[in-house]
Amino acid sequence: MTAERQGMDKDTMKKNIILEIQNLSVSFQQYGRGFAMTDLDVIRDLNVTVHEGEIVAAVGSSGSGKSLLAHGILGILPYNASLGGRILYEGEELTQKRKEELRGNEIVLVPQSVAFLDPLMKIGPQIRKGKKDPGSRKKLDEIFEGYHLKQEVQDLYPFELSGGMNRRVLVSTAMMGNPRLVIADEPTPGLHMNMVRRVMSHFRELADQGAGVLLITHDLEQALETADRVVVFYAGTTVEDADVKDFGAEETLRHPYSQALWRALPQNGFQFITGTQPYVKDMPKGCPFAPRCERCREDCKGEIPYREIRGGKVRCLHTE
Amino acid sequence: MKSHFMFVGKQLIRMILLLICVSIAAFFLVSVSPVDPLQANVGQAALGSMSQEQIAKLNAYWGVGEPAMSRFLAWASDFFRGDMGISLLYRRPVAEVIAVKFVNSIWLLAAAWMISGIMGFLLGVLAGMKRGTWIDRAVKGYSLMIASTPAFWLALVLLMVFAVWLQILPVGLSVPIGMEAEGVTLADRIRHAILPALTLSITGVSNIALHTREKMIDIMESDYVLFARARGESSWSIFKNHGFRNVVLPAITLQFASISEIFGGSVLVEQIFSYPGLGQAAVTAGIGSDVPLLLGVTVISAAIVFGGNLTANLLYGVVDPRIRRGGAKK
Ligand SMILES: Nc1ncnc2c1ncn2[C@@H]1O[C@H](COP(=O)(O)OP(=O)(O)OP(=O)(O)O)[C@@H](O)[C@H]1O
Ligand SMILES: [Mg+2]
């Protein structure tokens, strides 16, 4: 499997880019004291690229902006949020209008939680979006078969299902369309290992048919097992874009935070760094990781470019 | 299923307790009223020309001087035997009087209840789905304006416009003046009910519309509607698949709870339009110290209002799968 994937990695270099996110930012307008409006910049300088046939994992801890990225791509951010930077889909600007045309069929979302299911709609009709044609029914029956969901489940309501079953239902919604881009926001917590593998192999199948998959997770191990490339998020910024095989050793990684994540892996001794991700309101100037970084110097408080090193990308001044 | 019976049983017991409390309260309110029943109903002049004996008889008839407690117990024991007593003013059995008034009122109330429910629901849903647009602002503006307008004032305005200026609708009563009961047509009855029903509907709509709008906004901001959007569902599809389903539950509660408001409003509106319904009977009985009639009307009204809430709770169990199936599973 590894050899096969590495073969593919070389191929993706030449393959078309499906999704290209350039310096994305998301900010929320909030009422501060009195009637003064303040902007809360929760995401800045986010860069992600997904090629045809590729699974890209977006890895970051809680609150690093992963779900907002997913919602931004699909155009479902809250009304008080504004989006900056550029999102290109198949080489063209992904405007709100285009998002609305493409979502649900070409671009699909596997949402993060079961709260995204309507509590009062039966599972079957809900996945079929109320459609009753034989084609939709047949397709859903096949998907259910694949995920070991009994056909009777279609007649149940979300509250009658276990957490794991509801997860599989969420994944099934994505398989109903003909996705060219799958955005899966933490699709597997609560699932058994076997089911996780099955879901991941379905993503791989979709990728092999030419789709791009953006797998959002806080679980680096899972990302390394399934993805081709890993993009590391920290406090609303992408700090590194690396090939999965770069995670084989600490030295092949580029950013101090990615290296810290690497050291925290079980096989590398569970060494966690101290401190926490800064909250939006007290974000330091320049590099957000600076307060926890051993390599931090005076110039880290300035502008940090996203630069290419050794075939990957990094937002750090002090790495070669 | 067993728990369902338990639920209904509990509700019925609650209803009986409530009715007992309501009747006690109504009774004592009347008994502490400063209105002297003889002066109010017989008149100062007539009283003056009567002999002591006659006055004593009348006092006994209206129950003056008898302790409130014993009067109440007498009334209650009759009531539980199915006898609501004799109306002092109408000199006919209370049950009969109420039946006549009830038939007059029920069409008025039912029409106002349906119209305000349906219109309020539609306006609220529309405003909530199109939040921030001119439709939303119009619905909100209308509702807030009506909510802050006294019902009697609205009734008077409608009366002025339709009955006095345009003269297309009658000023009051439920049938044309001086007409034999046999000669009254359904059309006559409807024409007389339009203005009171309209008043009640217009005021009823605003409350239901505002509440439905709030619910609809919550639903539109929910994660499941967000996901439906992410799946490319159109506004109509979102309403059909998710909005309606989820808003109809609170709407049921709201609709049945509004019975009490419509009932309360009818007391005032029937008074203004001299419409001889339950509401007017309540006012007449209260002012005229007709204790049996007042208690009869109070108990019946409370029973209807409470019955409405009970129906809402039962319907909820039928409509909401989490209750319907949740109980069955455990
Ligand atoms: N509506 C909002 N208004 C203000 N801030 C928000 C809003 N939604 C999210 N945020 C902030 O944006 C940041 C990123 O949130 P996001 O949900 O994308 O995190 P995440 O990486 O998906 O985390 P998790 O792993 O817990 O799902 C958080 O700090 C959060 O507090
Ligand atoms: Mg998230």
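Quick summary incoming for the structure in this document.

### Some details on helix α2 (residues 66-74) of chain A
Residue and element names in this part refer to chain A.
- Burial analysis of α2 places seven of its nine residues in the buried class, which makes it a mostly covered element.
- Those residues of α2 that fall on the buried side of the exposure criterion are Lys66, Leu69, Ala70, His71, Gly72, Ile73 and Leu74.
- Glycine 75, located one to two residues past α2, shows a positive phi value of around 70°.

### Points about the packing of aromatic side chains
- Tallying each qualifying case throughout the model produces ten aromatic pairs over all chains.
- Where A:Tyr234 meets A:Tyr257, the ring centres are 4.5 Å apart and the plane angle is 55°; that geometry is what we call tilted. Here the residue A:Tyr234 occupies a position in strand β9 (residues 229-234), and A:Tyr257 occupies one in helix α9 (residues 256-263), the gap between them amounting to 23 residues. Pair check on accessibility: A:Tyr234 and A:Tyr257 agree, each one buried.
- A ring pair is formed by B:Trp236 and B:Phe239, whose centres lie 5.8 Å apart and whose planes are at 35°; its orientation type is tilted. Taken together, the residues B:Trp236 and B:Phe239, both in helix α11 (residues 235-272) and three residues apart, mark about one turn of the helix.
- With a relative accessible area of 56%, B:Trp236 lands in the exposed category.
- Here the aromatic residues B:Phe121, B:Trp236, B:Phe239 and B:Phe244 are joined through ring pairs into a cluster of three or more.

### Structural notes on helix α7 (residues 134-147) of chain B
Residues and elements named next belong to chain B.
- Taking 1.5 Å per residue as the helical rise, α7 with its 14 residues ought to reach 20 Å, and the 20 Å between its terminal C-alpha atoms agrees with that figure.
- Along α7, the residues that are buried comprise Ile135, Asp136, Val139, Ser143 and Ile146. Projection of α7 onto a plane perpendicular to its axis shows the buried side chains occupying an angular sector of 115°, all on one side. Facing away from the buried side of α7, by more than 90 degrees, are the exposed residues Trp134, Arg137 and Met145.

### A closer look at the pattern of salt bridges
Residues and elements named next belong to chain A.
- By the definition in use, this model includes 19 salt bridges over all chains.
- Of the charged contacts, one joins arginine 180 and glutamate 90 as a salt bridge, the two residues approaching to 2.5 Å between their closest N and O atoms. Within this pair, whereas arginine 180 is found in the loop between α6 (163-175) and β7 (181-185), its partner glutamate 90 is found in the loop between β4 (81-89) and β5 (92-93), the two being separated by 90 residues in sequence.
- With a shortest N-O distance of 3.1 Å, arginine 204 and aspartate 228 are connected by a salt bridge. With arginine 204 in helix α7 (residues 193-208) and aspartate 228 in the loop between α8 (220-226) and β9, the pair connects residues that are 24 residues apart, well separated along the chain. Across this residue pair, the class does not change: arginine 204 and aspartate 228 are buried.

### What to know about the site of ligand 1
Residue and element names in this part refer to chain A.
- Taken together, 14 residues lie around ligand 1, and Ser62, Gly63, Lys66, Ser67 and Gln112 are the ones closest in.
- Serine 64 is positioned with one of its backbone polar atoms (N or O) 3.2 Å from an oxygen atom of ligand 1.
- Measuring from an oxygen atom of ligand 1, one finds a side-chain N or O atom of glutamine 112 at 2.8 Å.
- Taking 640 Å² as the accessible area of ligand 1 by itself, protein coverage stands at 70%.
- Elements with a minimum of two residues in the shell around ligand 1: β1 (17-31) and α2.

### Thoughts on the interface of chain A and chain B
- Counting residues at the interface gives 27 residues for chain A, matched by 22 residues for chain B.
- Together, the buried faces of chain A and chain B total about 2,300 Å²; carbon and sulfur atoms form 61% of this surface.
- Area buried by chain A at its contact with chain B is led by A:Phe116, A:Leu120 and A:Lys129, which between them contribute 29% of it.
- Counting every contact that joins chain A to chain B gives zero salt bridges.

What counts as what
- Residues numbered from 1 in each chain as written.
- Chains lettered and ligands numbered in written order.
- Predicted model: local features only at pLDDT ≥ 70, side-chain atom pairs only at ≥ 80, totals over all residues.
- Heavy atoms only, no water.
- Buried < 20%, exposed > 50% of the residue type's maximum accessible area, 1.4 Å probe, protein only.
- Helix = DSSP H or I, 4+ residues; strand = E, 2+ residues; numbered from the N terminus.
- Phe/Tyr/Trp six-rings, centres within 6.5 Å; stacked < 30°, edge-to-face > 60°.
- Expected span 1.5 Å × (residues − 1).
- Arc of directions from axis to C-beta.
- Salt bridge = Lys/Arg side-chain N within 4 Å of Asp/Glu carboxyl O.
- Near = heavy atom within 4 Å.
- Polar contact = N/O pair within 3.5 Å; in protein donor to acceptor, adjacent residues only side chain to side chain.
- Areas by Shrake-Rupley, 256 points an atom, 1.4 Å probe, with all protein chains shown as cover.
- Contact = heavy atoms within 4.5 Å.
- Buried area = accessible area lost by both parts, 1.4 Å probe.

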